[in-house]
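Residue-level structural notes
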Amino acid sequence: SDSVQKELRSPICCIMGHVDTGKTKLLDCIRGTNVQEGEAGGITQQIGATYFPAENIRERTKELKADAKLNVPGLLVIDTPGHESFTNLRSRGSGLCEIAILVVDIMHGLEPQTIESLNLLKMRNTDFIVALNKVDRLYGWKTCRNAPIGKAMKLQSKDVQMEFNNRLTQVITQFKEQGLNTELYYKNKDRGETFNIVPTSAISGEGIPDMLLLLVQWTQKTMIERLTFSNEVECTVLEVKVVEGHGTTIDVVLVNGVLHEGDQIVGPIVTTIRALLTPHPMKELRVKGTYLHHKEIKAAQGIKITAQGLEHAIAGTSLYIVGPNDDLEDIKATAMEDMKSVMSRIDKSGEGVYVQASTLGSLEALLEFLKTPAVNIPVSGISIGPVHKKDVMKASVMLEKKKEYATILAFDVKVTQEARELADELGVTIFIADIIYHLFDQFKAYIDNLKE
Ligand code: GDP
Ligand code: MG
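Every chain begins its residue count from 1, and numbering advances along the sequence as written. For this description, chains carry letters from A and ligands carry numbers from 1, given in the order in which they are written. Where totals are concerned, whole chains, interfaces and linings use all residues; where local detail is concerned, this predicted model gives features only for residues with pLDDT of at least 70, and gives and counts side-chain atom pairs only at 80 or more. Side-chain numbers come from the whole structure's heavy atoms, not from hydrogens or water.

Our focus in this paragraph is the packing of aromatic side chains. The pairing test for Phe, Tyr and Trp rings, Trp by its six-membered ring, is centres within 6.5 Å, and the orientation test on the planes gives stacked under 30 degrees, edge-to-face over 60, and tilted for anything in between. Within the structure shown, the criterion is met by six aromatic pairs. Among the aromatic residues, those joined into a cluster by ring pairs are Phe 431, Phe 443 and Tyr 446.

This is the structure we're talking about:
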C-alpha cells in the first residue's frame, strides 16, 4: 500500500531480435530521432541507452486511458547491437536488463537470431514482451499514426484483419515450437505464464503506446524487489570514446546506487570522476549534442563520465566505487574478473591472428564468431581500443611462426598512422570493418589468395 511504498528506480529494458526486424527504428519512433539511418550497414554495432521519463510515457499512453499510476521514474532502454553474438552485457554477473523487447517482423515470423535471443532470455531467466513489428506492411493497412493497436485494428478492412490473424497465429505456433506460450496482450488472461505480444509499427507508430505501457506496468507490478532502489553502486561501462572538449570519456549504465562528482572509481583503471553528464532526456547517449552536468546522479540512468585516464577503461566491464571503508586492492582484483572470460578464449598453441575491437562485449562477440566451426580462425592475441604500434609489434611475432596469421582483424576501431606505417614496413596485414562478418570475408579472401 501507499504508506509503505518503496522508492523504485527505472526499469532497464533491452531490445533484441533478428537483424532488420526494426529494433533501432522502434526506439527512433519513441524518441522521434533518426539514429537508424546513420548506422553502418543499418546494423547497430554499438550500444546506446535512452532514458524515457515517466511524464513522456504518460503523454504517449494517454489514449489508452490507463491512468494507472506510474511508480517508476521512467524507463531506460538499451539498444543492443544487431549481431547475434552480442550477448555479453552484464552487470555483476547477472543480466543488465529487467525486461526485454523481442522484436519479430510480422512478415517473416521467427528467424535464427530471434531464436538465439529467446535462448538467451531463457538462460538468463529474463522476462520479455514480443513486439510484432511492421504491421503497416500488411497489404492494405490504413495508417493510424501513434494510435493504440486496438483502435488501429478496428479501422482496418476485414482482409487486413484476416491477414493479421493468420500471421499472428503462425507466430504463436512458432513460439510454441520453441516451448513458449504467447498471446496477443489484450487477450492474454494468463500473464506470467503466457508472454505478451504487442503488434507495432515503428514507421507509423501504431501499438507504441501499448508497448510502453505494458513495459512499465508489468515491471512495476512484478519486479518491486528488484526495482527497489539500493545505495550499492552497480554500474556497467558501455562505451569508451573520445569527445571533443572532454578527452576520453566513458558511457555507462548506472543500474543502482548514486554516483557523485569526485567519486573514486575502479575499472581496470583507478581514477576520480571529474564530471557526470547526461544528454537531455529522450536523446540517446550516442547522439551528439550538449550535455547536462550533475553533482550526483541516481540510478537507473545512462551517464557519460569524464575523468583522467579513461583511455584505459574497458567497455563491457563493471565500474566499482571505492567507499570510505573499502580496500582498494580488493576492488581492483574484483574488477579484473571481467577480463578473465575473454582471456580464456585465446588459442593456447600461440598461433593465430591478432584481434582488436572497440569494447569487451564486441571483442567477446568477435572471438565467439571466429570460433564457430564454419569460420574457425585461431586467435593468438587480443586488444581493446585503437590499433597502436604495440599491437602491430605483437601481431608481427607470427611472421616467424605462421605468416598468414601476421594479421590484425580490427573491428570498429581506428588504426593510428604510426601503426599503419609499421605494419607496412613489417608486412603485417590489417583488416578493418565495422560489421563482423565482413572481417571474415576479407580474411578468407586473403587466405584463398595466398593459397593460389
Ligand atoms: P534492426 O536491425 O532490428 O535495428 O532494424 P532497423 O531498425 O535498422 O530496421 C530495418 C529496416 O526495416 C529499415 O529499413 C527500417 O526502415 C525498416 N522498418 C523498421 N520497422 C519498420 C516498420 O514497423 N514498418 C516498416 N514498413 N518498416 C520498418
Ligand atoms: Mg539496429
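Another aspect to go through is the nonpolar core. Ile 101, Phe 128, Phe 164, Phe 175, Val 253, Leu 259 and Ile 305 are the most contacted members of the largest nonpolar core, which totals 95 residues. Under the DSSP-based scheme used, a helix requires at least four consecutive residues in state H or I and a strand at least two consecutive residues in state E, with every element numbered from the N terminus. Broken down by element, the residue count for this core peaks at seven residues, all from helix α6 (residues 208-222). The residues contacting Leu 259, other than those within four sequence positions of it, are Val 233, Cys 235, Leu 254, Ile 273, Leu 276, Lys 295, Glu 296, Ile 297, Ile 303, Ile 305 and Ile 321. In plain words, nonpolar cores are sets of buried Ala, Val, Leu, Ile, Met, Phe, Trp, Tyr and Cys residues tied together by side-chain atoms within 4.5 Å. When accessible area is computed with a 1.4 Å probe and restricted to protein chains, residues below 20% of their type maximum are described as buried, those above 50% as exposed, and intermediate ones as partly exposed. Counting 26 residues, the second-largest nonpolar core is a separate cluster that includes Val 375, Val 379, Met 398 and Ile 447. Any two residues having at least one pair of non-hydrogen atoms within 4.5 Å are treated as being in contact.

Once that is clear, we can look at the packing of helix α9 (residues 360-371) against helix α13 (residues 436-451). To characterise two packed helices, one gives the angle between the axes of the helices and the distance between these axes. Axis lines are fitted to C-alpha atoms, over the contacting stretch for helices. Their N-to-C directions set the angle, which ranges from 0 to 180 degrees. Where α9 contacts α13, the axes come no closer than 10 Å and their chain directions differ by 45 degrees. Here α13 runs oblique to α9, going by the angle between their axes. Along this stretch, α9 crosses α13, giving a crossing that reads as right-handed. Between α9 and α13, the residues in contact are Ala 365, Leu 366 and Phe 369 and Ile 436, Tyr 437, Leu 439 and Phe 440, respectively. Here the word oblique covers every angle except those under 35 degrees (roughly parallel), over 145 (roughly antiparallel) and from 65 to 115 (roughly perpendicular). For any helix crossing, the convention is left-handed if the near helix is rotated counterclockwise from the far helix by under a right angle, and right-handed if that rotation is clockwise.

Consider each residue's heavy atoms; a residue with any of them within 4 Å of a molecule or strand counts as near. In the region of ligand 1, 17 residues are neighbours, and Asp 20, Lys 23, Lys 25, Asp 136 and Ala 202 sit closest. Whenever a nitrogen or oxygen atom comes within 3.5 Å of another N or O atom, the pair is scored as a polar contact, on the condition that within protein one atom can donate a hydrogen and the other can accept it, and that pairs from neighbouring residues in sequence are kept only if both atoms are in side chains. Backbone polar atom of Gly 22 to an oxygen atom of ligand 1: 3.0 Å apart, as the coordinates give it. The backbone of Lys 25 places a nitrogen or oxygen atom 2.8 Å from an oxygen atom of ligand 1. Each accessible area value is a Shrake-Rupley result obtained with a 1.4 Å probe; residue values ignore everything except the protein chains displayed when judging cover. Bound to the protein, ligand 1 loses 84% of the 580 Å² it would expose on its own.

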